[in-house]
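What follows is each chain in one-letter form.
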Amino acid sequence: MRWSQTLIPTMKETPEGAEIPSHVLMLRAGMIHQLMAGAYTYLPLGYRALRKAEQIIRQEMDKAGAVEVHMPALTPIQLWEQTGRVEAFGDVLIKFDVRRQGKKVPMALGPTHEEIVTDLVKKFVSSYRQLPLTLYQIQTKFRNEERPRFGVLRTSEFLMKDAYSFDSTVEGLNANYDRMYAAYCTIFRRCGVDYLAVEAESGPIGGDASHEFMAIADNGEDSVLYDPKSGYAANQERAETGKRTVAKSTVEPKPLTKLHTPGVGSIEAVSKFLKCKPHQMLKTLIYTADDKPLAVLIRGDHEANENKIRRAVGAKKLALADAALVEAITGAPVGFAGPVGLKQPVPIWADDDVAGMANMIIGANEADQHYVGANLERDFQVEKFADLRNATAGDPSPRSDGKLELRHAIEIGHVFKLGTKYSEAMGAKFLDDKEQQHTIIMGCYGIGVNRILASLIETKSDANGVVWPMSIAPYEVIVSSVNAADAEVSAAADKLYGELQAAGVDTLYDDRDQRPGVKFKDADLIGIPLRVVVGGRGLKEGNLELKWRTKEAPEMIPLAGAAEAIAKLVAGERDRYR
RNA sequence: CGGGGCGUAGCUCAGCCUGGCUAGAGCGUCUGGUUUGGGACCAGAAGGUCGCAUGUUCGAAUCAUGUCGCCCCGACCA
């Protein structure tokens, strides 16, 4: 493609509002243009990169035995009502009515497609002989994000590859899951993304039923705990901690004293008011576990983990108590709960770290009152200690004697054993070889295609711009003529461009009559891996200049046979991402 | 949803506090010329409902109220 014939609106300055590298550079490199909050046009360069990522995904999905379909983005609301996800999604689901022949037809734009595929499979699959089956599509999803942000990372409209596996047995599901997991590893490697496969919350199935694929990046919205020693990695929701050996405090216990703390209920407010640190404070959270009340004690600087609590107490459902229940149990408005002097006796569970605390600051179960100097056993009893909080940096690893590190990450893929959640709700069944009817067992597997691009830019760009891997780069080679007004130069550049195209190299030909500085800056900014300069300086000696985007120094090659040599270099680089 | 910030030329911004002639600069664009290896130079030109509405005023980009848009931070943390 000739630069002069396409649309690559590069920018020297950073547009107002763009802050993180991927957003800034995608705008500056002329890859995208914002239409409104959370919706971007992909311009030629951005769209080519997106399609390269798509193509890699497609190849690997096909190799893994999945078959491509294309479902509508427009969906009837009834399907979502069948599984209760109209409520579950809430405002995130984009719903609307259209009028047809005087009647209102309610619809939604698909935020994902479990209901739609399950409906499809229900209609066409009825025998174990037709299973297993894995369907996938690469398609635009719509989610009304409360707050779209970070450029292309969180948008209301995005490209997703979503695959769904259908099996007659759990073993079949496990095999499919493993196949998808392996395919994902290949996909992200081929895209040149440094990723980590982390354990994620798996919902009703438990075990190793869910993994997220994370690109480690400072601007990522997700938090991952990682133990470099054992390779253990999990998202913050899921991460276990190793056994925390908590020594009992040897500090002299102080007397329990009530203090007036008017209007300060939160940990932050109390610590400010009493000039103490959050880790000296104790949070008392009132939950309902399967509708029975429960008090949970967590050190003030820690975060409760509801999944861990739910599993620890063996409940199916866990939710924070509402204000009325909190008041009934503690006798105080929300913000002043504590384990001493609860109005109603409820089981008290505590996180392991609470065992090492002394002279704690706790709510006094009375409005605007706190206790200081609260101590275990003397002042209150704990029924059971367990790991009930989010893991955090520095916690012991559950798999080695190392420590967990906290990293920010961008979620680029997710594999999940669904089980029968949707097939059950929608009645997708099959007959086995004994003529028995069973519910189809499902898995689902997603990849955020736009996020592959964004995470590459977040992690691989430099001060001069984007640095694409050969596999995703919108063009593999950029031919820059310097100077284009010189007939001899442009003739040589034209010829090289033609030969590279003929050799199957994706080539961008910067044929603009611009000064060299402009062309070099732009070439760096848009991140094409290999730059070829055709200029008077080299031509005199019968040479061309080659420069890799990742290298400082250029090298000269003879003009004769240049296209072949370049094609060879490109092929070699392509091989690294095969 | 809560809090904060910003809307002036295609882009980045000045002007606003303290209202007053034809609203400015740089970049980009267009014309002509000189240049040509890391975002050139000279001369000229085009390009603006100052986000929108209402109000105050002799007079509003500037003050007030409302509204819309965009960006950032935080969101069951007791």
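Here the structure is shown first, and the text comes after it.
Please read all numbers here as calculations on a predicted model, not as lab measurements.

Caption draft 1: How the structure looks around the layout of surface pockets. Estimated volume of the largest pocket: approximately 1300 Å³. Surrounding the largest pocket, 45 residues form its lining, Arg143, Met160, Glu212, Glu411 and His414 being those nearest its centre. Among the secondary structure elements, those contributing two or more residues to the lining of the largest pocket are helix H4 (85–89), strand E8 (157–167), strand E11 (222–226), strand E21 (405–419), helix H10 (421–426), strand E24 (441–448) and helix H11 (449–460). Its residues placed into classes, the lining of the largest pocket shows 18 nonpolar, 13 polar and 14 charged. Domain assignment of the residues forming the lining of the largest pocket places at least three in each of domain 1 (47–71 + 110–240 + 407–457) and domain 2 (74–109). Around the second largest pocket, the lining comprises 21 residues; the ones closest to its centre are Gly265, Thr284, Leu285, Val334 and Gly335. Classifying every residue of the lining of the second largest pocket gives 14 nonpolar, six polar and one charged.

Caption draft 2: A look at the protein's contact with RNA strand B. Inspection of the region around RNA strand B gives 45 residues, with Arg147, Ile267, Leu320, Arg537 and Glu545 positioned closest. In the environment of RNA strand B, a sugar or linking oxygen lies 3.1 Å from a nitrogen or oxygen atom belonging to the side chain of lysine 12. A distance of 3.3 Å separates a sugar or linking oxygen of RNA strand B from a polar atom in the backbone of phenylalanine 336. Of all elements in the fold, only strand E1 (32–36), strand E14 (282–289), helix H13 (516–526), strand E27 (530–535) and helix H14 (536–539) reach the threshold of two or more residues within the surface near RNA strand B. Looking at the surface near RNA strand B element by element, the count peaks at seven residues for H13. Across the surface near RNA strand B, the residue classes tally to 17 nonpolar, eleven polar and 17 charged.

Caption draft 3: Highlighting the pairing of E1. As paired elements, E1 and strand E2 (residues 39–42) share four bridges and run antiparallel to each other. The residue of E2 that forms the bridge with glutamine 34 is tyrosine 40. Between E1 and the antiparallel strand that follows it, E2, lie two residues; glycine 38 among them carries a positive phi value of about 80°.

Caption draft 4: Representation of unusual backbone geometry within the structure. The omega torsion of the bond from leucine 131 to proline 132 falls at 0°, within 30 degrees of zero and hence cis. Assignment of secondary structure puts proline 132 in the loop between helix H5 (114–124) and strand E7 (133–142).

Caption draft 5: The arrangement of the sheet that holds strand E18 (residues 360–363) in detail. Spatial ordering of the open sheet is given by E13-E19-E18, a layout of three strands whose pairing is antiparallel. The outermost strands of the open sheet, each flanked by one partner alone, are strand E13 (257–260) and E18. Direction aside, neighbouring strands of the sheet carry axes that sit 30° apart on average. Here E18 pairs with strand E19 (residues 369–374) via three bridges, running antiparallel. Looking at the pairing, glycine 363 lines up with histidine 370 of E19.

Caption draft 6: Broad picture of the sheet that holds strand E29 (residues 555–558). The five strands lie next to each other as E26-E25-E27-E28-E29, forming an open sheet whose pairing is mixed. Where the open sheet ends on each side, the last strands, each with one partner, are strand E26 (507–510) and E29. Geometrically, the sheet is characterised by an average inter-axis angle of 25° between neighbouring strands, direction not taken into account. Note that strand E25 (residues 477–482) and E27 share six bridges and pair parallel. The partner of valine 482 across the bridge, within E27, is glycine 535. Along the sheet, H13 contacts E25, E26 and E27; its crossing angle with E25, the most-contacted strand, is approximately 170°. Along the sheet, helix H15 (residues 562–575) makes contact with E25, E27, strand E28 (543–548) and E29, crossing E28 at roughly 15°.

Caption draft 7: Representation of the environment of asparagine 219 within the structure. Along the polypeptide, asparagine 219 turns up in the loop between strand E10 (210–216) and E11. Along the backbone, asparagine 219 and tyrosine 47 are 172 residues apart, and their C-alpha atoms lie at a distance of 23 Å. Leave out the neighbours within four places in its chain, and asparagine 219 touches Ile20, Pro21 and Glu458. Side-chain polar atoms of asparagine 219 contact the side chain of glutamate 458, separated by 2.9 Å.

Caption draft 8: Representation of the packing of helix H2 (residues 44–63) against helix H6 (residues 170–190). Between H2 and H6, whose axes approach to 9 Å, the crossing angle comes to 150°. What the angle tells us is that H2 and H6 run roughly antiparallel. Crossing of H2 over H6 shows right-handed handedness. Contact residues: Ile56, Ile57, Gln59, Glu60 and Met61 in H2; Met180, Ala183, Tyr184, Thr186, Ile187 and Arg190 in H6.

Reading guide: rules and limits
Residues numbered from 1 in each chain as written. Chains lettered and ligands numbered in written order. Predicted model: local features only at pLDDT ≥ 70, side-chain atom pairs only at ≥ 80, totals over all residues. Heavy atoms only, no water. 1 Å grid on protein atoms, 1.4 Å probe; cavity = no way out; pocket = protein on both sides within 12 Å on 5 of 7 lines; lining within 4 Å. Points joined across faces, edges and corners; volume = space filled by probe spheres on them. Helix = DSSP H or I, 4+ residues; strand = E, 2+ residues; numbered from the N terminus. Nonpolar A, V, L, I, M, F, W, Y, C, P; charged D, E, K, R; others polar. Domains from an automatic or database assignment. Near = heavy atom within 4 Å. Polar contact = N/O pair within 3.5 Å; in protein donor to acceptor, adjacent residues only side chain to side chain. Pairing = 2+ DSSP bridges. Axes fitted to C-alpha atoms, helices over the stretch in contact; angles between N-to-C directions. Contact = heavy atoms within 4.5 Å. Parallel < 35°, antiparallel > 145°, perpendicular 65-115°, else oblique. Left-handed = near helix turned anticlockwise from the far one by under 90°.

As far as function goes, none of this settles anything; it's purely spatial.
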